[in-house]
Amino acid sequence: MKMFVILFQPPIGVVRLSELGKLESREVKVSGTSWDLNNVDLSVAGLGWFSLGLKGEATLTLWTFDGIEITNREPLVLDRAPFLERPCFLLPQAKSDAISLRKTKHSPKKKMR
């Protein structure tokens, strides 16, 4: 069992980085009929998948390492989670609060007179 863990361990550190291979771009053409439903899933081997909802056609450029497969398929989940999405590229409230808190922690303190 120890051999199994060692063989399938991801490269960690600068020395093992070369084991990942060459980073290359791949173009994927997708199309859909509605912004309100997921139209296509893109699956990246070893990483996972994500769904896209779009109306019309689009060409996406994805960067992966040599030998990593990218496939598209019919969406596994048609409905989208509206509470995770916001129009106009707004940040979710939790991220917005965290950024505000960080700015207040790292900003120079004003002297009280």
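Each value, and the rule that gives it
- Residues numbered from 1 in each chain as written.
- Predicted model: local features only at pLDDT ≥ 70, side-chain atom pairs only at ≥ 80, totals over all residues.
- Heavy atoms only, no water.
- Helix = DSSP H or I, 4+ residues; strand = E, 2+ residues; numbered from the N terminus.
- Buried < 20%, exposed > 50% of the residue type's maximum accessible area, 1.4 Å probe, protein only.
- Contact = heavy atoms within 4.5 Å.
- Areas by Shrake-Rupley, 256 points an atom, 1.4 Å probe, with all protein chains shown as cover.
- Core = buried A, V, L, I, M, F, W, Y, C linked by side-chain atoms within 4.5 Å.
- Pairing = 2+ DSSP bridges.
- Axes fitted to C-alpha atoms, helices over the stretch in contact; angles between N-to-C directions.
- Salt bridge = Lys/Arg side-chain N within 4 Å of Asp/Glu carboxyl O.

A.B. asks: Let's hear about the overall build of the chain: which residues, and what values?
C.D. replies: Helix and strand content of the chain: 2 helices and 5 strands. If you list the helices and strands of the chain from N to C, you get α-β-β-β-β-β-α. Looking at the 113 residues of the chain, the share that counts as buried comes to 15%. When contacts within the chain are restricted to residue pairs at least 6 apart in sequence, long-range pairs at least 24 apart make up 60% of them. Split by element, the accessible area of the chain, about 10100 Å² in all, is 62% carbon and sulfur.

A.B. asks: Help me get a handle on the nonpolar core, residues and values and all.
C.D. replies: Grouped together as the largest cluster of nonpolar side chains are 8 residues: Val28, Val30, Val40, Leu42, Val44, Leu54, Leu62 and Ile70. Elements with a minimum of two residues in this core: strand S1 (23–33) and strand S2 (40–44). Here the element with the most residues in this core is S2; it accounts for 3 residues. Not counting the four nearest positions on each side in its chain, Ile70 is found in contact with Arg26, Val28, Ser43, Val44, Leu62 and Thr64.

A.B. asks: I'd love a proper account of the sheet that holds strand S3 (residues 48–52), names of residues and values included.
C.D. replies: Judged by pairing direction, the sheet is antiparallel, and its 3 strands sit side by side in the order S3-S2-S5 without closing on themselves. Here the strands that pair on one side only, and so sit at the sheet edges, are S3 and strand S5 (70–73). Across the sheet, the mean angle from the axis of one strand to that of its neighbour is 20°, orientation sign disregarded. Bridge count for S2 against S3 is 5 bridges, and the pairing is antiparallel. Bridging from a neighbouring strand, Ser43 pairs with Trp49 of S3.

A.B. asks: So what about the pattern of salt bridges? Which residues, and what values?
C.D. replies: Tallied over the full model, the rule gives 2 salt bridges. Between Arg26 and Glu24 there is a salt bridge, with its nearest N and O atoms 3.2 Å apart. The exposure class of Arg26 is partly exposed, given its relative accessible area of 21%. Its salt-bridge partner being Arg73, residue Asp41 comes within 3.4 Å of it at the nearest N-O pair. Linking Asp41 in strand S2 with Arg73 in strand S5, this pair joins segments that are 32 residues apart in sequence.

A.B. asks: Hey, could you go over the side chain of Ser43 for me, with residue numbers and the actual values?
C.D. replies: Locating Ser43 in the fold gives a position in strand S2. Judged by its relative accessible area of 17%, Ser43 is buried. Apart from residues lying up to four places away in sequence, Ser43 is in contact with Gly48, Trp49, Glu69, Ile70, Thr71 and Arg73.

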